[in-house]
Each structure stands twice: as structure tokens, then as C-alpha cells.
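Observations on the model geometry
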Amino acid sequence: MSLHHDASLVLKAYEGGGDAGQAELRQTYLDHLDAHPDGMWKACGAGHLTASALVLDPAAGRVLLTLHKKLGMWLQMGGHCEPEDATLADAALREATEESGIDGLVLLAGGPVRLDRHPIPAPCHWHLDVQYAALAPAGATQRISEESLDLRWFAYDEVADVADTSVVRLLEAARAAL
């Protein structure tokens, strides 16, 4: 099965917690994939799907965020799909592991917890992000990657003070899925 086909199946199964905005966004993603055979890849000028994961430590009530090097914002781990990614979940887990430096992350069962579409600079125009939640193993220690300026654990109630609303909504969805 191709990554494109996996993404279509994942999106068709995604329920979005009954949120009408998430249902509309899901259809936007599916329409994009139907119109663009290359819609999984960075080279797709109309936009492309990305995969991310919010790293959680539920026992400690905290979340790991990265200070993105290019954007200067505190965000979840994530990025572009790669040819070696068999599934969207694989891409999200790979990105979370690479950017957090934490081995042994496990994606929360049940598939993605949220979708987020955001504009990016030309030549591409949109990231259609499929967002998962990843659970950190007990005693996990993060290790900063080349893509980050910083990497830090934040208590759940601190996230709204450091991150934008998309990360706050992702945290809410991830906590609801726990």
C-alpha cells in the first residue's frame, strides 16, 4: 500500500471528535489527495500532507515542545513525509523521535487526534498537518535536534502561555483522547 493510499484510509476513518470544522477539514484533505497524486510530498505546489505528534508525559502532566528553528515558535514535533514512511503514523512517530531525541515513543491508539491546515511560504502554499499524540516512556530524557533552537517540557497549563492556539487545540484533543 502506498503512503498516499494509507493517508486516504486514515482520513476516511478520522472522526474529529464530532467537530464540524474538523469534518470539513478532513474533506479538504481527502479532496486534495484525490486531486493531487503527489499530495503527500513537499514538491506538490498546491500543498502537501505533513505528519506531527505531540509528545506527552501524562503521569507528570506535561508536554514536550520544540522551539522551531525557522519559525521561532513553540510547536509539536513534526514535518514532511519521507519515501521510507509506510504510513502517516510512521511519519509522525519518526518525526517525533528525531526531533525529541526520545526512543520508545508510542503513538496513542486510535489514529490522529486533530487536523490543522496552515499556510506556508511559496512555492508551496499549504501544510495539511495530520496530528497524532505520542506517549513518552517513564523517565524520558529529550535531546535537541538540528531543527530546534530549544526543546522543553511544559506543564499542560503552561502551553497557552508559550504556544499558539493550534498547539493549545492539539493538546486539548490529545488529552481528550487519553
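Residues numbered from 1 in each chain as written. Predicted model: local features only at pLDDT ≥ 70, side-chain atom pairs only at ≥ 80, totals over all residues. Heavy atoms only, no water.

**Structural notes on the packing of helix H1 (residues 3-13) against helix H2 (residues 20-35)**
Keep this limit in mind: Between N-to-C directions, angles span 0 to 180 degrees; the directions come from axes that are lines fitted to C-alpha atoms, helices contributing only their stretch in contact. Secondary structure counts use DSSP, requiring at least four H or I residues in a row for a helix and at least two E residues in a row for a strand, with both numbered from the N terminus. Here is the rule for angles: anything less than 35 degrees is roughly parallel, anything more than 145 is roughly antiparallel, 65 through 115 is roughly perpendicular, and the remaining ranges are oblique. For any helix crossing, the convention is left-handed if the near helix is rotated counterclockwise from the far helix by under a right angle, and right-handed if that rotation is clockwise. The contact definition used throughout considers only heavy atoms, calling two residues in contact when any of these lie within 4.5 Å. The residue classification treats Ala, Val, Leu, Ile, Met, Phe, Trp, Tyr, Cys and Pro as nonpolar and Asp, Glu, Lys and Arg as charged. All others, Gly included, are polar.
Close contact between H1 and H2 brings their axes to 10 Å; oriented N to C, the two are set at 155°. Classified by the angle between their axes, H1 and H2 sit roughly antiparallel to one another. The crossing of H1 and H2 is left-handed. Here His4, Ala7, Ser8, Leu11 and Lys12 of H1 lie close against H2, whose contacting residues are Arg26, Tyr29, Leu30 and Leu33. Looking at side-chain class alone, the contact of H1 with H2 contains 5 nonpolar, 2 polar and 2 charged residues.

**Overview of the side chain of Thr50**
The condition is simple: Identification of polar contacts relies on pairs of N or O atoms within 3.5 Å, with a donor-acceptor requirement for protein atoms, meaning one able to donate a hydrogen and the other able to accept it, and with residues adjacent in sequence counted only if both atoms are side-chain atoms.
Mapped onto the elements, Thr50 comes out in strand E1 (residues 48-57). Polar side-chain contacts of Thr50 include one of 2.8 Å to the side chain of Asp129. Excluding residues within four positions of it along the chain, Thr50 makes contact with Gly79, His80, His127, Leu128, Asp129 and Val130.

**Some points on the pattern of salt bridges**
Stated formally: We define a salt bridge as a contact between a side-chain nitrogen of Lys or Arg and a carboxyl oxygen of Asp or Glu at a distance within 4 Å. Buried, partly exposed and exposed residues are distinguished by accessible area as a fraction of the type maximum, computed with a 1.4 Å probe on protein chains only: under 20%, between the cut-offs, and over 50%, respectively.
The final tally for this structure, using the stated rule, is 5 salt bridges. The partner of Asp85 in a salt bridge is Arg94, with the nearest N and O atoms 2.8 Å apart. With respect to class, Asp85 is no different from Arg94; both count as buried. Taking the shortest distance from any N to any O, the salt bridge between Glu95 and Arg94 comes out at 3.1 Å. When sorted by exposure, Glu95 lands in the same class as Arg94, which is buried. Shared partners join several salt bridges into a network, and the residues in it are Asp85, Arg94, Glu95 and Glu98.

**With respect to the environment of His48**
Structurally, His48 is set in strand E1. When near neighbours in sequence (up to four residues on either side) are disregarded, His48 contacts His32, Gly39, Met40, Trp41, Lys42, His80, Ile120, Cys124, Trp126, His127 and Leu128. Looking at His48, its side chain comes within polar contact range of the side chain of His80, at 3.0 Å.

**What about the environment of Arg94?**
Note on placement: Arg94 falls in helix H3 (residues 88-100). Residues Arg94 and Ala53, 41 residues apart in the sequence, show an inter-C-alpha distance of 9.4 Å. Filtering out sequence-adjacent residues up to four positions away, Arg94 remains in contact with His80, Cys81, Glu82, Glu84 and Asp85. A distance of 3.0 Å separates a polar atom in the side chain of Arg94 from the backbone oxygen of His80.

**Points about H1**
Given 3.6 residues to a turn, an α-helix orients residues that are three or four positions apart in the same direction. Of all the positions in H1, only Leu3, Asp6, Ala7, Ser8, Val10 and Leu11 are classed as buried. For H1, the elements touching its buried residues are H2, E1, H3, strand E6 (114-119) and strand E7 (126-135).

**Structural notes on the packing of aromatic side chains**
The geometry of two aromatic rings is summed up by the distance between their centres and the angle between their planes. The test is simple: Classification of ring pairs rests on two measures: the distance between centres of Phe, Tyr or Trp rings, Trp counted by its six-membered ring, which must be within 6.5 Å, and the angle between planes, read as stacked under 30 degrees, edge-to-face over 60 and tilted in between. Only lysine NZ and arginine CZ atoms are considered, and such an atom sits over a ring when it is within 6 Å of the ring centre and within 35 degrees of the ring normal.
Under the defined criterion, the tally for this structure stands at 1 aromatic pair. Here Trp74 and Phe154 contribute two aromatic rings whose centre-to-centre distance is 5.0 Å and whose plane-to-plane angle is 80°, an arrangement assigned as edge-to-face. Of this pair, Trp74 sits in strand E3 (residues 74-75) while Phe154 sits in strand E8 (residues 148-155), and the two are 80 residues apart along the sequence. With respect to class, Trp74 is no different from Phe154; both count as buried. Stacked on the ring of Trp153, the Lys or Arg Arg62 has its end atom at 3.9 Å from the ring centre. Residue placement shows Arg117 over the ring face of Trp126; its charged tip is 3.6 Å from the ring centre.

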